[in-house]
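Single-letter residue listing:
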Amino acid sequence: MSLPTLIVLCIAISFGMIQMPALIKKKLKREAFAYFLLLSAGTAFSIYAANVKPVPSPLNALITIYEPVNQFFDRMFRP
Amino acid sequence: MILIIPAIIAGYAQQDGWIAALFGIPIGLLILWLILHLSSFYPKLNLVQINDRILGKWLGALLSCAYLLFFLLAGSTFIREVGDFLTTQLFQSTPIRYIHLLFVLILMWGVWNGIESIARSAEILLPLFIFICIALIVCLIPQMDLERLKPYFGSEGLSFAHATMMFSVYPFGELCSFLMIFPYASKPAHRNKDVLISALCASLLLFLLVFISLTVLGAYFTEHNIYSTYVLTQKINIGAFLQRIEALIATAWVISTFFKTVLYFYAFSIGTAQLLRLSTFKPLIVPTSFLMFGLAMMVAPNLCIMSKRLFPTGSTGISPMALYFRHCSFPSII
C-alpha cells in the first residue's frame, strides 16, 4: 500500500466516521446508504487518481455508445 | 471555454471560423430559448423532477441518470482542463494532482455554502473578468491583420457546418445545467430576457476571441495551439513596455471555469439527492468531491486523447430538445 493510497483512505474514512453516524442518528437511512455508496466509489476512483495509475477511461463506454450515432450522421451527410 | 474555443472552431473551419461562429450564435440562442421555454412550463421543478413528470418514473429516472452522468463527467473534465492547462503552461513542475486537489477543495467549499454565495461571489468577480477580456481585446487591435482571413468561405461546406454546430451546441448546450438551478433562483418578470442577453454577450465575446485569434495568429497557428487565447496574450506588446500579461487571461479563465464547474457540481449533487429522493443534498457534497477528484484523472490518459477524441464525440451534453418534444425520450444530440 503506497502513501497516496493511505492518505486518501485516511481522509475518506475520517469523513465517513464524522458524517455517517450523524446521518444514522437522525434516522436518515436512505441518505446514509447513498452517502456510503458514493463515498466508496469516489474513494476507489481517488485512489487510482492519487497514484496516477493508467486506467481505462469511463468515457470510453460513452464513446462506444455514441460512435455508431456519429457514424450514422456522418454517412447521412457525406455522399 | 475562452481558451480552447478558437482551436476547436478553427480546427473545423480554418480561416472561416469567425463566420461559423457568427452563424452559430443565433442557433445557440435558439437552444437556450428551448431550455428557458422548458423551464417556464415547470417553474417550480428542476430537471430531474421535470424528467420524472414528463417521462414517468422509470424512463425519467433513466434520462436523469444520463444527465447526472453528464454533469459528473463534464465537471471532472473541466477540472482536468484546468489542471492540464496550469501544469503545461504555468506550474510546470507541480504534479497535476495537487492542482486538482486545490480546485476540488474550493468547489466543495463553494457548494457547501450554497447557491446564493456562489452567485454573489460570481457577481464580485465578473467585473474583473470583463476588464481582463476587454484589456486583452484592446491590446491586440494593433496586431490584427484582416488579410489573414482570406480566402473567405474557402473551407469545405461540411466542416463549416460542423464548426457552426460546435459553436452553437458546445457553449450553449452546456447551459443545460441551468435547468437544475432555475427553480431556486428568484424570478423577476424579465429573467428569460436577461439570461438570453447575457448569453448573447458571452457568445459575442467567444466570437471576438475566435476572430482576434484568426486575425492575429492566422488559421494554421490557431488550429494547432490548443490554448490559442493564451498564446494570443503572449503576443501583446505595446511599445515594448506592456507585455507578458498572459497570467491575467489564465486568471480569468480559471475563474470562469470555476463557476462553470461549481454549477455542475451543484447540479450533480442536488440531482442525485432528488433522484434517490433524499431530504437533503448536503451529505452528498463530500462523496461528490471524491468522485470528481478521481474522475478528473480518469477521464482521459492525456491531453491529446481528450482534445481529439472526447471533444468531438462528447462534452456537448444531451440536448434538452429531447425533453422539449415530449414524445421522444431519445437523447437526441450529444
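Parameters at a glance
- Residues numbered from 1 in each chain as written.
- Chains lettered and ligands numbered in written order.
- Predicted model: local features only at pLDDT ≥ 70, side-chain atom pairs only at ≥ 80, totals over all residues.
- Helix = DSSP H or I, 4+ residues; strand = E, 2+ residues; numbered from the N terminus.
- Buried ≥ 20, exposed ≤ 12 C-beta atoms within 10 Å, placed from the backbone.
- Rg over C-alpha atoms; globule rule 2.2 N^0.38 Å.
- Contact = placed C-beta atoms within 7 Å.
- Nonpolar A, V, L, I, M, F, W, Y, C, P; charged D, E, K, R; others polar.
- Expected span 1.5 Å × (residues − 1).
- Bend = angle between axes of the 7 residues up to and from the residue.
- UniProt positions renumbered as here; feature names shortened; annotations may be inferred.
- Core = buried A, V, L, I, M, F, W, Y, C linked by C-beta atoms within 7 Å.
- Axes fitted to C-alpha atoms, helices over the stretch in contact; angles between N-to-C directions.
- Parallel < 35°, antiparallel > 145°, perpendicular 65-115°, else oblique.
- Left-handed = near helix turned anticlockwise from the far one by under 90°.
- pLDDT = per-residue confidence, 0-100.

**What to know about the overall build of chain A**
Helix and strand counts for chain A stand at 3 helices and 0 strands. The linear arrangement of helices and strands in chain A, starting from the amino end, is α-α-α. Residues classed as buried in chain A amount to 24% of the 79 residues present.

**Observations concerning the overall build of chain B**
Across its full length, chain B carries 15 helices and 2 strands. Taken over the C-alpha trace, chain B has a radius of gyration of 20 Å; the compact-globule value for 334 residues is 20 Å, and the two agree within 12%. Projected onto its principal axes, the C-alpha coordinates of chain B cover approximately 60 × 45 × 40 Å. Expressed as a percentage of the 334 residues in chain B, the buried residues total 49%.

**Points about the interface of chain A and chain B**
Counting residues at the interface gives 32 residues for chain A and 28 residues for chain B. If you list the elements that add at least two residues to the side of chain A that touches chain B, you get α1 (3-25), α2 (29-50) and α3 (59-77) of chain A. Top contributing element to the side of chain A that touches chain B by residue count: α2 of chain A, with 14 residues. Split into classes, the residues belonging to the side of chain A that touches chain B amount to 22 nonpolar, 6 polar and 4 charged.

**So, helix α2 (residues 17-41) of chain B**
Counted at 1.5 Å a residue, the expected span for α2 of chain B with its 25 residues is 36 Å, and the 36 Å between its end C-alpha atoms agrees. Considering bend angle alone, the principal kink of α2 of chain B is centred on G24 of chain B and spans about 30 degrees; proline P26 of chain B follows within four residues of it.

**Considering unusual backbone geometry**
All names here are of chain B. In this model, K150 is joined to P151 through a cis peptide bond whose omega is -5 degrees. In this structure, Q14 takes a positive phi of about 45 degrees despite not being glycine. Mapped onto the elements, Q14 comes out in the loop between α1 (5-13) and α2. On the basis of neighbour counts, which here come to 22 C-beta atoms within 10 Å, the residue Q14 falls in the buried class. Even without being glycine, R277 reaches a positive phi, approximately 55 degrees. In this fold, R277 is placed in the loop between α12 (246-275) and α13 (285-298).

**Observations regarding the UniProt feature "transmembrane region" (unreviewed entry) in chain A**
Residues annotated in UniProt with the feature "transmembrane region" (unreviewed entry) correspond here to residues 6-24 and 33-50 of chain A. In this annotation, residues 6-24 of chain A is assigned 100% helix and 0% strand; the end-to-end C-alpha distance for the span is 26 Å.

**Overview of the environment of M166 of chain B**
All names here are of chain B. Along the chain, M166 turns up in helix α7 (residues 157-173). Separated by 78 residues in sequence, M166 and R244 place their C-alpha atoms 31 Å apart. For M166, the contacting residues outside a window of four places in its chain are I8, I9 and Y12.

**Considering the nonpolar core**
Residue and element names in this part refer to chain B. The biggest cluster of nonpolar side chains holds 118 residues, and the ones touching the most others in it are I9, A21, I35, F71, V210 and L295. The dominant element in this core, judged by the number of residues it contributes, is α12, at 14 residues. For V210, the contacting residues outside a window of four places in its chain are I5, P6, I9, G17, W18 and A21.

**A closer look at the packing of α1 of chain B against α2 of chain B**
Two measures define how a pair of helices packs: the angle their axes make with one another and the distance between the axes. Residues and elements named next belong to chain B. Between α1 and α2, whose axes approach to 8 Å, the crossing angle comes to 110 degrees. Taken together, the axes of α1 and α2 are roughly perpendicular relative to one another. On the side of α1, the interface is formed by I9, A10 and A13, while α2 contributes G17, A20 and A21. The residue makeup of the contact of α1 with α2, split by class, is 5 nonpolar, 1 polar and no charged.

**With respect to α12 of chain B**
Each α-helix winds once per 3.6 residues, and so residues spaced three or four apart point in a common direction. All names here are of chain B. For α12, with 30 residues, the first-to-last C-alpha span of 43 Å sits near the 44 Å given by 1.5 Å per residue. Of all 30 residues that make up α12, 21 are buried, and the element is covered over most of its length. After α12 finishes, the residue R277 shows a positive phi value of roughly 55 degrees.

**Brief notes about the UniProt feature "transmembrane region" (unreviewed entry) in chain B**
Residues and elements named next belong to chain B. Sequence positions flagged by UniProt for "transmembrane region" (unreviewed entry) are, in local numbering, residues 23-42, 54-75, 95-112, 124-144, 164-184, 196-221, 241-268 and 280-300. Taken end to end, residues 54-75 is 95% helix and 0% strand, and its first and last C-alpha atoms sit 26 Å apart. What you have in residues 196-221 is 96% helix and 0% strand, and the ends, taken at the C-alpha atoms, are 33 Å apart.

**Comments concerning the packing of α2 of chain B against α7 of chain B**
Residues and elements named next belong to chain B. Relative to each other, α2 and α7 sit at 45 degrees, their axes nearing to 7 Å. As far as their axial angle goes, α7 and α2 are oblique. With respect to the hand of their crossing, α2 and α7 are arranged in right-handed fashion. Contacts from G17, A20, A21, F23, G24, I27, G28, I31 and L32 in α2 reach F160, A163, T164, F167, S168, V169, P171, F172 and G173 in α7. Considered class by class, the residues forming the contact of α2 with α7 number 12 nonpolar, 6 polar and no charged.

**Side note on the confidence of the model for chain B**
Residues and elements named next belong to chain B. Per-residue confidence for chain B gives a mean pLDDT of 83, with 91% of residues at or over 70. Ranking the elements of chain B by mean pLDDT puts helix α15 (residues 321-324) last, at 42, and helix α5 (residues 96-112) first, at 93. For residues 313-334, every residue scores under 50 in pLDDT, and the model assigns this stretch 52 contacts once sequence neighbours within four places are set aside. Among the scores for the predicted complex, ipTM is 0.88 and pTM is 0.88.

**Section: the environment of R97 of chain B**
With respect to the helices and strands, the residue R97 of chain B is situated in helix α5. The spatial distance from the C-alpha of R97 of chain B to the C-alpha of S289 of chain B is 13 Å, given a sequence separation of 192 residues. Sequence-distant contacts of R97 of chain B, that is, excluding residues within four places in its chain, are made with A49 and A50 of chain A.

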